[in-house]
Amino acid sequence: VDVGNGPADCWRVPVWDVGTTEPGSSGSGLWNANHQLIGQLYGGQASCDNNVNDYYGRLSESWEFLAEWLGACGDTLGGFDPNAIPIEIRDASITSIVGIAENVCNDTVIEPTVTLKNNGEELLTVVTIEYLLNDVLVGDTQWTGNLQPVQTVNVQLPPIPVSTGQHELKVRSTAPNNLFDFVPANDADSVQVIVNSPGMPVHLSITPDDFGSDITWTLENEEGTVLYSGGPYQDMDTDPLEYEFCLGSGCFVFTINDAFGDGICCGEGEGGYSIISEAAEHVVSDGQYGSGEVREFCLAGVGMSGADAPQALRLWPNPSTGELNLAWSAPLATGTTWMLRDAMGRLCATGRIGSGTTAQALDLRGTAAGVYVMEMAVNGVRYTARVALQR
């Protein structure tokens, strides 16, 4: 047949018993009773208003032009079998991260517990769980067991070293049953963690008026991140509200709001609030602030500065080829974590020092050459020392 594009070896459909084709549908498939593709629409006069005359090219004739792109799969490919055993979907996911405070005080290690769920149809016996800080992979652990579909299991992760600052902890499941995951979109969960080590306890006390439901407040750091928040509260309960924060050196912004616009003193109660640390009374308010007020305060010299570190922490030889000795001025009462960071602050290596020891040999031969900072935190005080690695 020749429908204007040159002759072709075709099947002709003179009249459709049911339905028709439309202009523009050339290339659509022709299927046999076994659900196998045998041809493609080549041309014809059929349309929405006309069910007459369609021509289908034979796939056997077209195959030599398609094989380069689709591969040599034999003369016949199996079609859809409605009675075939369906593929069991393999899908592991992390549904929660618990066991760590949103604000970590005077600690350099977090030990989260995560919930692993089998969202698929296949029994899970092994899953690799990776954990990342600020999108940098810092470690992984392997769970093994027998997890039935829709079941969950809690998995305790190894200790994860963290430095002072704001972090995103992301945990993701990979390689369920040492194979690929059919649904990677639900593999990961994440939480925000703010670390202050060393940190200083700071106390907030609020005495509300009769209408505690009007009161809300936030405490933010210099970057505008909300560290703590509270309210609204119960009406007709004027007992003092007590909070303790853990804050490091820096400046902070406390904002308190009153929805009714009359503060917490003095028309409907004798309220007020204060923010106090062991260093000073930072904020004292009589509560007469109308719809709200913003107060800023700063903490300086929390813990010991890095300049004092050389008296306590020593590294030798320095420069080093990677075989490094770490020495501490006195036996450690409890084990502590050392962390090696590069010039960008990224964690490159970490380990634990046992309690009662004063020195430990470290093997950093797998770390690239460069200048690094060794960091330790002992009794809430951060110590640092520089070390140069050479090759």
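Residues numbered from 1 in each chain as written. Predicted model: local features only at pLDDT ≥ 70, side-chain atom pairs only at ≥ 80, totals over all residues. Heavy atoms only, no water.

**As for the sheet that holds strand β23 (residues 281-285)**
Spatially, the four strands line up as an open sheet ordered β18-β15-β22-β23, and their pairing is antiparallel. In this open sheet, the two strands that pair with only one neighbour each are β18 (241-247) and β23. In this sheet, neighbouring strand axes are inclined to one another by 15° on average, regardless of whether the strands run parallel or antiparallel. (Pairing = 2+ DSSP bridges. Helix = DSSP H or I, 4+ residues; strand = E, 2+ residues; numbered from the N terminus. Axes fitted to C-alpha atoms, helices over the stretch in contact; angles between N-to-C directions.)

**Overview of the state of the cysteines**
Here is the idea: a disulfide is a covalent bond, and it sits between the sulfur atoms of two cysteines. Taken as a whole and judged by the stated rule, the model has three disulfides. A disulfide bridge connects Cys-251 with Cys-298, and the sulfur atoms are separated by 2.0 Å. On the S-S bond that ties Cys-251 to Cys-298, the torsion sits near 100°, and the link is right-handed. Taken together, the residues span a long stretch of sequence, with Cys-251 in strand β19 (residues 250-258) and Cys-298 in strand β24 (residues 292-299) at a distance of 47 residues. For Cys-251, a relative accessible area of 18% puts it in the buried group. A relative accessible area of 40% places Cys-298 in the partly exposed class. A disulfide bridge connects Cys-265 with Cys-266, and the sulfur atoms are separated by 2.1 Å. Here Cys-265 and Cys-266 share a disulfide; its torsion about the S-S bond, 85°, makes the bridge right-handed. On the basis of relative accessible area, Cys-265 is assigned to the buried category, the value being 11%. Look at Cys-266 and you get partly exposed, because its relative accessible area is 37%. (Disulfide = S-S within 2.5 Å. Buried < 20%, exposed > 50% of the residue type's maximum accessible area, 1.4 Å probe, protein only.)

**As for the environment of Tyr-372**
Turning to its location among the elements, Tyr-372 is positioned in strand β30 (residues 370-378). By relative accessible area, Tyr-372 is classed as buried at 6%. Separated by 17 residues in the primary sequence, Tyr-372 and Leu-389 have C-alpha atoms spaced 7.7 Å apart. Not counting residues within four places of it along the chain, the set of residues in contact with Tyr-372 comprises Leu-340, Arg-341, Asp-342, Cys-348, Thr-367, Ala-385, Arg-386, Val-387 and Leu-389. One polar contact links the side chain of Tyr-372 to the main-chain carbonyl oxygen of Ala-368, over a distance of 2.6 Å. (Contact = heavy atoms within 4.5 Å. Polar contact = N/O pair within 3.5 Å; in protein donor to acceptor, adjacent residues only side chain to side chain.)

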